[in-house]
Amino acid sequence: MDTKNERFFTKHPYIFVVAALLVLVLSAVVSTLIIGFAGFSNLITANNYFDSNLSFFISEVVAIILLLAVAWKLEFFDQTFFSKRNLKIGALLSVPILIIAVLWNILPSVMYNNPSLFRIDVSLIVMAFLTTLAIGFAEEILFRGLIFRNFLRRYGMTKKGIYISIIVSSVIFGLVHASNAVSSSPDAIIQQVIYATAMGIILALFYLITGNLLVPALCHGLFDFTDYVIPGFYNIPYDAALTSDWVQNLIVAIVFVVIAVIIVKKINVEDTDLVKQLE
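No experiment lies behind these values; they were computed from the predicted model shown.

Conventions and cut-offs
Residues numbered from 1 in each chain as written. Predicted model: local features only at pLDDT ≥ 70, side-chain atom pairs only at ≥ 80, totals over all residues. Heavy atoms only, no water. Helix = DSSP H or I, 4+ residues; strand = E, 2+ residues; numbered from the N terminus. Buried < 20%, exposed > 50% of the residue type's maximum accessible area, 1.4 Å probe, protein only. Contact = heavy atoms within 4.5 Å. pLDDT = per-residue confidence, 0-100. Phe/Tyr/Trp six-rings, centres within 6.5 Å; stacked < 30°, edge-to-face > 60°. Lys NZ or Arg CZ within 6 Å of the ring centre and 35° of its normal.

Side note on the overall build of the protein
Next, step 1: Counting secondary structure elements, the protein contains 12 helices and 0 strands.
Next, step 2: Along the chain direction, N to C, the helices and strands of the protein fall in the order α-α-α-α-α-α-α-α-α-α-α-α.
Next, step 3: By residue count, 47% of the 279 residues in the protein fall in the buried class.
Next, step 4: A separation threshold of at least 6 residues defines the contact pool for the protein, and within that pool the share at least 24 residues apart is 82%.

Right, here's the structure in full:
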């Protein structure tokens, strides 16, 4: 990062957060224009699962491109973004999170939906996979690759600074996810914020430990896939597959926090791979 920008964004990390989030908003506008110019305006107002997620996928790809351009311009784009570094460790760390995802999303759907409705729709499953993978990469570039790293610059690489950076960036991650439930009840929005914040803590730790943004990006994308793929198993609308259950969501959030505490107790956060590379 050049000296002038580094000084400004380090001194004003919350302005940086707003600027980074505006890039996400810009990506939605740009993707809408691209879809319109390409003659596929019907995707924007589509209410079927495949077309609406194709539109969402295009938006996320545009977001990835714009966010990577920002990272490149600010010299954030380095070996800590995407590499082969610590992928095995990342896979081991991700296993319990993905098991939770299956138990939380897919298992209830299999257990409580009418078995006679079960079918495999390959097109929906592939669309779900591509969309959630794009979501994972876009959100991890934004929240961990840019926002979390900038907080580390602001608060320092000490234990206190690292913990503050993890918590603050994860709370922002959770608050932004409230938009996912904007048409739902306040109760559902609160649940969304709580478990997204808890998940943000886990993903920040994965990035911290491995020093490779590919790890939280893949974990995030696969986690979301277990939710998005449900309509590929049943002839039910995607919205009908979503649940708002305080007990279930709170349990998941608590499990995430417990896992995070266990990880923190097992490692020295000041001696993690990301810290070593950024110092």
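More follows now that the structure is in view.
Topic: unusual backbone geometry
Next, step 1: Even without being glycine, Glu-75 reaches a positive phi, approximately 60°.
Next, step 2: Tracing the backbone through its elements, the reader meets Glu-75 in the loop between helix 3 (49-73) and helix 4 (87-112).
Next, step 3: Exposure remark for Glu-75: the relative accessible area of 48% places this residue in the partly exposed category.
Next, step 4: In this structure, Asn-86 is a non-glycine residue whose phi angle is positive, near 55°.
Next, step 5: Relative to the assigned elements, Asn-86 resides in the loop between helix 3 and helix 4.

A short note on the environment of Val-61
Next, step 1: Within the secondary structure, Val-61 sits in helix 3.
Next, step 2: We classify Val-61 as partly exposed; its relative accessible area is 30%.
Next, step 3: Between the alpha carbons of Val-61 and Ala-138 there is a distance of 7.5 Å; along the sequence they are 77 residues apart.

Description of the side chain of Thr-210
Next, step 1: Its location among the elements puts Thr-210 in helix 7 (residues 186-210).
Next, step 2: Using a relative accessible area of 0% as the deciding quantity, one classes Thr-210 as buried.
Next, step 3: Residues contacting Thr-210, with those up to four places away along its chain left out, are Arg-85, Asn-86, Ile-89, Gly-90, Leu-93, Val-215, Asp-273 and Gln-277.

A short note on the confidence of the model for the protein
Next, step 1: Mean pLDDT over the protein works out to 85, with 86% of the residues at or above the 70 mark.
Next, step 2: Per-residue pLDDT, averaged within each element of the protein, yields its smallest value for helix 10 (residues 238-241) (47) and its largest for helix 6 (residues 159-176) (95).
Next, step 3: Low pLDDT (under 50) marks residues 238-243, which in the prediction has 8 contacts with non-local residues, meaning those over four places away or in another chain.

Observations regarding the packing of aromatic side chains
Next, step 1: Per the counting criterion, the structure on display carries 14 aromatic pairs.
Next, step 2: Taken together, a centroid distance of 5.9 Å and an interplanar angle of 15° make the contact between Phe-151 and Tyr-155 stacked. Here Phe-151 and its partner Tyr-155 are both found in helix 5 (residues 122-155), 4 residues apart, which amounts to about one turn of the helix.
Next, step 3: Among the residues examined, Phe-151 registers a relative accessible area of 1% and is labelled buried.
Next, step 4: Where Phe-223 meets Phe-256, the ring centres are 5.9 Å apart and the plane angle is 55°; that geometry is what we call tilted. Of this pair, Phe-223 sits in helix 8 (residues 214-228) while Phe-256 sits in helix 11 (residues 246-266); the two residues are 33 residues apart in sequence, bridging distant segments of the chain. No difference in accessibility class separates Phe-223 from Phe-256, as the two residues are buried.
Next, step 5: The side chain of Arg-144 reaches across the aromatic face of Phe-173, ending 4.3 Å from its centre.

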